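What follows is each chain in one-letter form.
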Protein chains: 2
Amino acid sequence: MKLTSKGRYAVMALVDLARFDTINPVSLRDISLRQGISLDYLEQIFSKLKKNQIVKSTRGTQGGYVLSKKPNEIKLTNIFNAVDEKVKTVQCKKESKKGCNGKATKCVTHNLWDELETHINSFFEKKSLEDLLKNNSERIN
Amino acid sequence: MKLTSKGRYAVMALVDLARFDTINPVSLRDISLRQGISLDYLEQIFSKLKKNQIVKSTRGTQGGYVLSKKPNEIKLTNIFNAVDEKVKTVQCKKESKKGCNGKATKCVTHNLWDELETHINSFFEKKSLEDLLKNNSERIN
DNA sequence: TACATACCTGACTAAAATGGTCAAGTTTAC
DNA sequence: GTAAACTTGACCATTTTAGTCAGGTATGTA
Ligand code: FES
Ligand code: FES
């Protein structure tokens, strides 16, 4: 079970945005340099974040991205959904009546993985960007 | 973030074992048929489970595997460690002083992922094979 | 003692996912 | 007009996953 770079980078970039977008839009180039993420890869990620109305963009010189909501309104769940970083623990289709073994009943571990998924998702639903900002400034002081 | 088949199969197989090993050792062939898991793949998994003293084996005709501890003494943590299904959320080496960005400080999200890892692992530490047996028989009745 | 059953070991591999790069734009501030 | 910055889509190398395959070795039973 591991977290992919796409999810990790999305959150890193948005924290960066939350810290620096108060005066001017922030360019991906800046984020790329500050956070050490490939510029081209960031573009893919921000394209998805924009489609999901998590960020807004301004084109042209001095352009860049800005959060489209307040940091406390952006939960990790929203971010992860936007970039398709989903938690997948069960193998079977959840709606399907068939189990992952192809039989008519769910496998012996189905309920366990389902609980696990809920457990993990509850973490993402609790945490917002604002929590991360606090956490970060605590560490600086 | 997704669970791999190796971890999933290991738990499925051990639940099967816990249900059927009370009289005779259980052959991998039986598990393979009941759970719909490739026999050759099961052998790889059980090799690791054996090295980690989670199961014991008997060779020859009528041979097979038996749990080496009571179901309530086998936690998911133990199983996952045995088959190398580890939860990995941070990108950096934890001991290292360097962050995942190569800089001297930890990245802005490091603490978050570390919390997440703890959150997930606590689930695995709580759950034992016995819990799964209960859950399963509940569903049958 | 033969022989079938079942464990044991290690090498190999097809397919998918990951983590990007690259190329060719369009928009807009200055 | 030109450079900065967003936009789009194709492409690709590497790694991981989820196995397969080909040999073994041990042992209960007939
Ligand atoms: S995971 Fe849903 S049936 Fe096995
Ligand atoms: S995850 Fe540890 S420094 Fe980024």
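Preceding block: the structure.
Residues numbered from 1 in each chain as written. Chains lettered and ligands numbered in written order. Predicted model: local features only at pLDDT ≥ 70, side-chain atom pairs only at ≥ 80, totals over all residues. Heavy atoms only, no water.

Q: Explain the protein's contact with DNA strand C here, please?
A: The full set close to DNA strand C counts 26 residues, and Ser38, Gln44 and Arg59 of chain A together with Lys50 and Tyr65 of chain B are the nearest of them. Take Arg59 of chain B: an N or O atom from its side chain is 3.3 Å from a base oxygen of DNA strand C. Here a phosphate oxygen of DNA strand C and a side-chain polar atom of Tyr65 of chain B are 2.6 Å apart. Elements represented by at least two residues in the surface near DNA strand C include exactly helix H1 (5-20) and helix H3 (39-51) of chain A together with helix H2 (28-35), helix H3 (39-51), strand E1 (55-58) and strand E2 (64-67) of chain B. Tallied by class, the residues present in the surface near DNA strand C amount to 5 nonpolar, 14 polar and 7 charged. (Near = heavy atom within 4 Å. Polar contact = N/O pair within 3.5 Å; in protein donor to acceptor, adjacent residues only side chain to side chain. Helix = DSSP H or I, 4+ residues; strand = E, 2+ residues; numbered from the N terminus. Nonpolar A, V, L, I, M, F, W, Y, C, P; charged D, E, K, R; others polar.)

Q: What is the right way to read the packing of aromatic side chains from this model?
A: When we look at a pair of aromatic rings, we describe it by the centre distance and by the angle of the planes. All chains considered together, the criterion is met by 10 aromatic pairs over all chains. An angle of 75° between the planes, with centres 6.0 Å apart, marks the rings of Phe123 of chain B and Phe124 of chain B as edge-to-face. Across the pair, exposure class does not vary: Phe123 of chain B and Phe124 of chain B are buried alike. These aromatic residues form a ring-pair network of at least three members: Phe80, Phe123 and Phe124 of chain A together with Trp113 of chain B. Between the NZ or CZ atom of Arg34 of chain A and the centre of the ring of Phe20 of chain A, over which it lies, the distance is 3.8 Å. (Phe/Tyr/Trp six-rings, centres within 6.5 Å; stacked < 30°, edge-to-face > 60°. Buried < 20%, exposed > 50% of the residue type's maximum accessible area, 1.4 Å probe, protein only. Lys NZ or Arg CZ within 6 Å of the ring centre and 35° of its normal.)

Q: What should I look at first to understand the packing of helix H5 (residues 110-126) of chain A against helix H5 (residues 110-126) of chain B in this one?
A: Each pair of packed helices can be described by the angle between their axes along with the distance between the axes. Across the interface, H5 of chain A lies against H5 of chain B with an axial gap of 10 Å and an inter-helix angle of 155°. In terms of orientation, H5 of chain A and H5 of chain B fall into the roughly antiparallel class. Viewed along their axes, H5 of chain A and H5 of chain B form a crossing whose handedness is right-handed. Residues Leu112, Glu115, Leu116, His119, Ile120, Ser122, Phe123 and Phe124 of chain A of H5 of chain A form the contact with H5 of chain B, whose participating residues are Leu112, Glu115, Leu116, His119, Ile120, Ser122, Phe123 and Phe124 of chain B. Its residues assigned to classes, the contact of H5 of chain A with H5 of chain B comprises 10 nonpolar, 4 polar and 2 charged. (Axes fitted to C-alpha atoms, helices over the stretch in contact; angles between N-to-C directions. Parallel < 35°, antiparallel > 145°, perpendicular 65-115°, else oblique. Left-handed = near helix turned anticlockwise from the far one by under 90°. Contact = heavy atoms within 4.5 Å.)

Q: Would you mind going over the interface of chain B and chain A with me for this structure?
A: The extent of an interface is frequently quoted as the accessible surface area lost upon association of the parts. Taken together, the contact pairs 42 residues of chain B with 43 residues of chain A. The contact between chain B and chain A buries some 4000 Å² in all, and 60% of this surface belongs to carbon and sulfur atoms. Here chain B and chain A share 2 salt bridges between them. The interface formed by chain B and chain A holds 15 residue pairs in polar contact (both at pLDDT 80 or more) in total. Looking at the side of chain B that touches chain A, the elements that each hand over two or more residues are helix H1 (5-20), H2, helix H4 (76-82), H5 and helix H6 (129-140) of chain B. Sort the elements by how many residues they give to the side of chain B that touches chain A and H5 of chain B lands first, with 10 residues. (Buried area = accessible area lost by both parts, 1.4 Å probe. Salt bridge = Lys/Arg side-chain N within 4 Å of Asp/Glu carboxyl O.)

Q: What exactly am I supposed to notice about the protein's contact with DNA strand D here?
A: Every one of the 27 residues lining DNA strand D counts as a neighbour, but Lys50 and Tyr65 of chain A together with Ser38, Gln44 and Arg59 of chain B are closest to it. Atoms of DNA strand D within 4 Å of the protein belong to the sugar or the phosphate in 62% of instances, the rest to bases. Take Gln44 of chain B: an N or O atom from its side chain is 2.6 Å from a base oxygen of DNA strand D. Note that a base oxygen of DNA strand D is positioned 2.7 Å from one of the side-chain N or O atoms of Arg59 of chain B. Residue composition of the surface near DNA strand D, grouped by class: 5 nonpolar, 15 polar and 7 charged.

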